[in-house]
Amino acid sequence: MTETPAKGLLQGKDGSCTCWWHGGDPFYKRYHDEEWGRPVFSDHRLFEKICLEGFQAGLSWLTILRKRENFRAAFASFDFDRIARFDEADVERLVQDAGIIRHRGKINSTINNAKRAQELREEFGSLAKYFWSWEPAPEERPLKADYDSLAPLGKTQTSTNLSKDLKKRGWTFVGPTTVYAFMQAMGMVNDHLEGCTFREVVEAERAQAKRP
């Protein structure tokens, strides 16, 4: 008899289980399987992730994910040194770009945050060193990694504190919920559910990863 998957898990045709939230969409599942929760240390990729989480506010992540290549083309591959030099002409260009989310406030936020990212790098040596310094200790995480424990986590004390620190430094569109989604995406926490095929894969990568 095939065992019924635990709550929050989807079972594939091969019998393996994954987190429920990709809904079986092949494009979304590939992001879940190959990217979500894997530790990231590249400054450009970290900047991309936190900016895209900001663009996601009020929208679905799948909407952003499907437009990600357009965002990369529009925002100089999220090279924050280049974005920091964007001017009003660039803002107008981006507002007219149907391939991205044409939200003037979020576009201006990305340019502002690029300048703030330069300041962080100057102070800490890299964005990676700053962000990974906020990694929660194991005792700060839920005791279980099941659906009931992890699914309700829209924000945590760490994401709230990190959000406050970023805002104090002049960053925008970095509320506690946005920051927690960023922490999940860049591997600062592993929120793949127990029973998900990729939870142990991600945990092994996190264990082996050298923090900056």
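The structure displayed is predicted, hence computed values, not measured ones.

Asks: What should I look at first to understand the UniProt feature "binding site: Zn(2+)" (unreviewed entry) in the protein in this one?
Replies: Listed under "binding site: Zn(2+)" (unreviewed entry) in the UniProt record, and renumbered for this structure, are Cys19, His32, His192 and Cys196. In terms of the greatest pairwise C-alpha distance, the residues named above, spread along 178 residues, form a tight cluster of at most 10.5 Å across. Among the structural elements, Cys19 can be located in strand S2 (residues 17-19). Discounting chain neighbours no more than four positions away, the residues touching Cys19 are Gly8, Leu9, Leu10, His32, His192, Leu193 and Cys196. Mapping Cys196 onto the fold places it in the loop between helix H11 (176-185) and helix H12 (199-208). According to the relative accessible area criterion, Cys196 is buried, its value standing at 5%.

Asks: What should I look at first to understand empty space enclosed by the protein in this one?
Replies: To find leftover empty space, one rolls a probe the size of a water molecule over the atoms. Per the stated rule, a full pass over the model turns up 1 cavity of 30 Å³ or more. Estimated volume of the largest cavity: approximately 60 Å³. Lining the largest cavity are Ile50, Cys51, Gly54, Phe55, Lys106, Ser109, Thr110, Asn113, Thr172, Phe173 and Val174. Here the residues of the lining of the largest cavity sort into 5 nonpolar, 5 polar and 1 charged.

Asks: Sorry if this is basic, but what is going on with the environment of Ala6 here?
Replies: Within the secondary structure, Ala6 sits in the segment before strand S1 (9-11). A sequence separation of 179 residues divides Ala6 from Ala185, and the C-alpha atoms of the two residues are 23 Å apart.

Asks: Would you explain the packing of aromatic side chains in this entry?
Replies: Pairs of aromatic rings are described using the distance from one ring centre to the other and the angle between the two planes. By the definition in use, this model includes 19 aromatic pairs. Seen in terms of ring centroids, Tyr130 and Phe131 are 5.2 Å apart; in terms of plane orientation they differ by 65°. Their pairing is edge-to-face. Each member of the pair Tyr130 and Phe131 is classed as buried. One residue, Arg93, lies across the ring of Phe86, its end atom 5.4 Å from the ring centre.

Asks: For this particular structure, what's the right way to read the side chain of Ser126?
Replies: In this structure, Ser126 sits in the loop between helix H7 (104-124) and helix H8 (127-132). Aside from chain neighbours lying at most four places away, what touches Ser126 is Asp43 and Arg121.

Asks: What's the story with the layout of surface pockets in this structure? I'm lost.
Replies: The calculated volume of the largest pocket comes to roughly 480 Å³. Put simply, the parts of the chain that give the lining of the largest pocket at least two residues each are helix H1 (26-34), helix H2 (43-56) and H11. When residues in the lining of the largest pocket are grouped by element, the largest group, 4 residues, is from H11. Class assignment for the residues of the lining of the largest pocket results in 12 nonpolar, 4 polar and 2 charged. One number sums up the size of the second largest pocket: a volume of about 240 Å³. Looking at which element gives the most residues to the lining of the second largest pocket, the answer is H12, with 3 residues. Counted by class, the lining of the second largest pocket contains 9 nonpolar, 1 polar and 7 charged residues.

Asks: Even after reading the chapter, I still don't get the nonpolar core, so can you show me in this structure?
Replies: When a protein is soluble and globular, its nonpolar side chains tend to lie buried together. If you look at the biggest cluster of nonpolar residues, it comprises 50 residues, and the most contacted ones within it are Phe47, Phe71, Phe75, Ile107, Phe131, Leu166 and Trp171. Here this core gets 6 residues from one element, more than from any other, and that element is H2. Apart from the residues lying within four places of it in its own chain, the contact partners of Trp171 are Phe47, Ile50, Asn112, Asn113, Arg116, Ala117, Leu120, Phe131 and Leu166. Core analysis: the next-biggest nonpolar cluster, separate from the first, contains 8 residues, Cys17, Ala145, Leu150 and Leu193 among them.

About the thresholds
Residues numbered from 1 in each chain as written. Predicted model: local features only at pLDDT ≥ 70, side-chain atom pairs only at ≥ 80, totals over all residues. Heavy atoms only, no water. UniProt positions renumbered as here; feature names shortened; annotations may be inferred. Helix = DSSP H or I, 4+ residues; strand = E, 2+ residues; numbered from the N terminus. Contact = heavy atoms within 4.5 Å. Buried < 20%, exposed > 50% of the residue type's maximum accessible area, 1.4 Å probe, protein only. 1 Å grid on protein atoms, 1.4 Å probe; cavity = no way out; pocket = protein on both sides within 12 Å on 5 of 7 lines; lining within 4 Å. Points joined across faces, edges and corners; volume = space filled by probe spheres on them. Nonpolar A, V, L, I, M, F, W, Y, C, P; charged D, E, K, R; others polar. Phe/Tyr/Trp six-rings, centres within 6.5 Å; stacked < 30°, edge-to-face > 60°. Lys NZ or Arg CZ within 6 Å of the ring centre and 35° of its normal. Core = buried A, V, L, I, M, F, W, Y, C linked by side-chain atoms within 4.5 Å.

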